[in-house]
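A closer look at the structure
The primary structure of each chain is shown beneath.
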Amino acid sequence: MFGYVEPDKPELKMREFEVFRGYYCSLCKTIGRNYGQLARLSLNYDLTFLYLLLDSLNSELVKGKSERCLVHPLKKRFVIFSNIITEYAAAMNIILTYYNLKDKWQDEKNIAGGTGYIALKLAYKKARKKYPEKCEAIEKYLAELNALEKSGCEIIDEAAEPFASIMRELFQFEHIEDDVQNKALGWMGYNLGRWIYILDAYDDIEKDVKEHNFNPILRQYQYNNDITAFKEKVKEPVNFSLTYSLSEVEKAYSLLNIEKNKGLLDNIIYSGLIVKTDKVLQGRGRENEEKSIQGPGH
Amino acid sequence: MKKNPYKVLGIKEGASYDEIKRAYRELVKKYHPDRYRDNPLSDLAEEKMREINEAYETLMKNAGGAYQYQESYDQSYENSGSYKSSYSQQSQNQNQYQYQYQDESDLEYRIRNYINMGNLNEAQKLLDKMRNKGASWYYLQGLVFLRRGWYDRGFTNIQKAVNMDPSNFEYRNTLNNLHQQSAGYRQNYYYRNTYYRDPDMCNLCINLWCADSLCECLGGDLIGCC
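Fair warning: this is a prediction, and the values are worked out from it, not measured in the lab.

Observations regarding the overall build of chain A
Along its length, chain A carries twelve helices and two strands. Secondary structure elements of chain A, listed N to C terminal, follow the sequence α-α-β-β-α-α-α-α-α-α-α-α-α-α. The C-alpha atoms of chain A give 19 Å as radius of gyration, which agrees with the globular expectation for 298 residues (19 Å, within 12%). Dimensions of chain A along its principal axes, counting C-alpha atoms only, are 55 × 40 × 40 Å. Out of the 298 residues in chain A, the part that is buried amounts to 59%. Residue pairs at least 24 apart in sequence account for 74% of intrachain contacts in chain A once pairs closer than 6 positions are excluded. Total accessible area on chain A is roughly 13,000 Å²; 52% of this is exposed by carbon and sulfur atoms. One finds the centroid of the 42 positive side-chain charges in chain A at a distance of 8 Å from the centroid of its 44 negative side-chain charges.

A closer look at the packing of aromatic side chains
How two aromatic rings sit relative to each other is given by the distance of their centres and the angle of their planes. What the rule picks out here adds up to 20 aromatic pairs over all chains. The structure contains a cluster of three or more aromatic residues connected by ring pairs, namely Phe-240 and Tyr-244 of chain A together with Tyr-151 and Phe-155 of chain B. The positively charged end of Lys-126 of chain A is found above the aromatic ring belonging to Tyr-35 of chain A, 5.5 Å away from the centroid. A cation sits over an aromatic face here: Lys-133 of chain B above Trp-137 of chain B, 4.5 Å from the ring centre.

Points about helix H10 (residues 227-254) of chain A
The end-to-end C-alpha separation of H10 of chain A is 38 Å, in line with the 40 Å expected for 28 residues at 1.5 Å each. Extensive coverage of H10 of chain A is indicated by the burial of 20 of its 28 residues.

Topic: helix H7 (residues 179-203) of chain A
Residue and element names in this part refer to chain A. With 25 residues, H7 should reach 36 Å at 1.5 Å per residue; the first-to-last C-alpha distance of 36 Å fits that figure. With 22 of 25 residues buried, H7 lies mostly within the body of the structure. At the N-terminal end of H7, a side-chain oxygen is found 2.9 Å from the backbone nitrogen of Val-180, two or three residues along, and the residue is Asp-178.

Re the confidence of the model for chain B
All names here are of chain B. With 65% of its residues at a pLDDT of at least 70, chain B reaches an overall mean of 76. Looking across chain B, the model is least confident in helix H4 (residues 67-101), with a mean pLDDT of 42, and most confident in helix H8 (residues 151-164), with 96. For the stretch residues 64-103, pLDDT sits under 50, and the model shows 32 contacts to residues farther than four places along the chain or on other chains. Segment residues 195-199 is flagged for pLDDT under 50; beyond a separation of four residues in sequence, or across chains, it makes six contacts in the model. Taken together, the chains of this predicted complex give a pTM of 0.82 and an interface ipTM of 0.88.

Notes on the environment of Ala-91 of chain A
Residue and element names in this part refer to chain A. Looking at the element boundaries, Ala-91 is found in helix H3 (residues 84-108). Separated by 175 residues in the primary sequence, Ala-91 and Asp-266 place their C-alpha atoms 26 Å from one another. Setting aside anything within four residues of it in sequence, one finds Ala-91 in contact with Tyr-35, Ala-127 and Tyr-131.

Notes on the interface of chain B and chain A
Contacts between chain B and chain A engage 31 residues on the former and 40 residues on the latter. Summed over both sides, the interface of chain B with chain A buries roughly 3,400 Å², with 56% coming from carbon and sulfur. Salt-bridge contacts for Glu-250 of chain A lead to Arg-35 of chain B; the nearest nitrogen and oxygen are separated by 2.9 Å. Elements supplying a minimum of two residues to the side of chain B that touches chain A: helix H3 (42-63), helix H7 (135-148), H8 and helix H9 (169-192) of chain B. Here the element with the most residues in the side of chain B that touches chain A is H9 of chain B; it accounts for nine residues. Residue composition of the side of chain B that touches chain A, by class: 14 nonpolar, six polar and eleven charged.

Considering the side chain of Asn-267 of chain A
Residues and elements named next belong to chain A. Tracing the backbone through its elements, the reader meets Asn-267 in helix H11 (residues 262-281). Side-chain polar atoms of Asn-267 contact the backbone nitrogen of Asp-8, separated by 2.8 Å. Every residue in contact with Asn-267, bar those within four places of it in the chain, is listed here: Pro-7, Asp-8, Glu-11, Leu-12 and Gly-272.

Some remarks on the confidence of the model for chain A
Residue and element names in this part refer to chain A. Mean pLDDT over chain A: 88, with 95% of residues reaching 70 or higher. In the model of chain A, helix H12 (residues 289-294) stands out as the element of lowest mean pLDDT, 41, in contrast to helix H6 (residues 156-171), which has the highest, 96. Here residues 289-298 is a poorly scored stretch, pLDDT under 50, and it has 22 contacts once near neighbours within four places are set aside; other chains count.

A short note on the pattern of salt bridges
Scanning all chains against the criterion turns up 23 salt bridges over all chains. Between Glu-67 of chain A and Lys-29 of chain A there is a salt bridge whose closest N-O contact spans 2.7 Å. Of this pair, Glu-67 of chain A sits in strand S1 (residues 64-67) while Lys-29 of chain A sits in helix H1 (residues 14-35), and the two are 38 residues apart along the sequence. A relative accessible area of 23% means that Glu-67 of chain A is categorised as partly exposed. Classification of Lys-29 of chain A by relative accessible area gives buried; the value is 18%. A salt bridge links Glu-259 of chain A to Lys-7 of chain B; the nearest nitrogen and oxygen atoms lie 3.6 Å apart. With Glu-259 of chain A in the loop between H10 and H11 and Lys-7 of chain B in helix H1 (residues 5-9), this residue pair bridges two chains. Overall, Lys-7 of chain B belongs to the exposed group, its relative accessible area being 59%. Each of Glu-46, Glu-47 and Arg-50 of chain B takes part in one network of salt bridges that share partners.

Cut-offs applied
Residues numbered from 1 in each chain as written. Chains lettered and ligands numbered in written order. Predicted model: local features only at pLDDT ≥ 70, side-chain atom pairs only at ≥ 80, totals over all residues. Heavy atoms only, no water. Helix = DSSP H or I, 4+ residues; strand = E, 2+ residues; numbered from the N terminus. Rg over C-alpha atoms; globule rule 2.2 N^0.38 Å. Buried < 20%, exposed > 50% of the residue type's maximum accessible area, 1.4 Å probe, protein only. Contact = heavy atoms within 4.5 Å. Areas by Shrake-Rupley, 256 points an atom, 1.4 Å probe, with all protein chains shown as cover. Lys, Arg positive; Asp, Glu negative; His and termini not counted. Charge placed at Lys NZ, Arg CZ, Asp CG, Glu CD. Phe/Tyr/Trp six-rings, centres within 6.5 Å; stacked < 30°, edge-to-face > 60°. Lys NZ or Arg CZ within 6 Å of the ring centre and 35° of its normal. Expected span 1.5 Å × (residues − 1). Polar contact = N/O pair within 3.5 Å; in protein donor to acceptor, adjacent residues only side chain to side chain. pLDDT = per-residue confidence, 0-100. Buried area = accessible area lost by both parts, 1.4 Å probe. Salt bridge = Lys/Arg side-chain N within 4 Å of Asp/Glu carboxyl O. Nonpolar A, V, L, I, M, F, W, Y, C, P; charged D, E, K, R; others polar.

Quick look at the structure:
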């Protein structure tokens, strides 16, 4: 998970921003309560979006209260009351971060990754107990992804498939019983996952060239030692792939029965995602990295 | 249970005739079958469209009290009728296609059927069996990729089909639709975010600078310091 899914802040209403931060803080606190304070560092925007989206499918009022917390000791913040969806998003956040760090440790011997991976191990075990089926499915897709990386997959679509499938799995939450909604959620998850994966691959081109990492874009378009020319060459097809995926996200989103937070969700779907796409395509994708760890509002 | 027609159309109860009509038009655009072509959710969109049409017709019938309402109601009824007729036209087209396919090889016909049913694995199996890889093969392979969410390969395959057989209307139409879908999504963004069209601070500075330069050309000065 990479934290690319976020609102387009300048277009957001103050109230919507407060609500978004309320969801973010709620998820952060739930992670702290269930998995220990250290695990809160793993929180990212993509899971906040999942929590917000799933919660917006029921018509219960958004309720919360102002609270202080460790990260912001001086100012009280609006925090939304947690429910089963918060618990779910928190567990998924732990599981994905754990796998991500483990992968980093095993592939690159990244020290930070290794430390985090050991620190999260207990939290992961606890989360896994709650959602064993989801974990199994995710592991299956990660194994596929690993195999594709090892074989040096030369097809971007194919390389994006496992991560997209993981996101499809996450978006299909067991407590949503309506089949129609679940189908639309699954397709939305798949396309959003695909978008995240390809966007991240494009964002990582320089780094992956330097460190000789696997990158499906480098493989498919046969990289030839000139990063600027290469990026120019692949920009058009990558842009199409990303934008088309987003148009499918939007179509699936249109079919969901959104009961609340519509302005905020619309902002993310119709503005936030495309703004992010353009930022990354223009090479400004890493600007907000620190912010995404600390949370909105800094 | 029948849904509240106002909620379906996303408008307040007691909305005026024009408001209802506007909301209806927007929704028809949003859930139009063209937008959900080659999409696994097309059946859901169709269902939604049916709901919207039903809600619209109910509201229009109830609004038919006053004289002008009656008149416009008839008009709009014709309108909604035309939407329907374009629906049935489409299904006729599909029949035509299917009819046409019987002339082509039986295999292709079956592949299309599998794609329409959403059974992509079977469609792929049959595609793998075909030895003759002409334009239609690339087209069908492209459709399978699109349905699976493999847009990059879907696009290149359909592009190839168009290059091989530029006169084929269906291939070109699908390719255009792909461009339209992604362009449409972007357009929606520019349409929503007005600040891209409004003059911003950068523009203001440049405009001031231009005005200043112009004044200087004419011998005057707008901003003293430059």
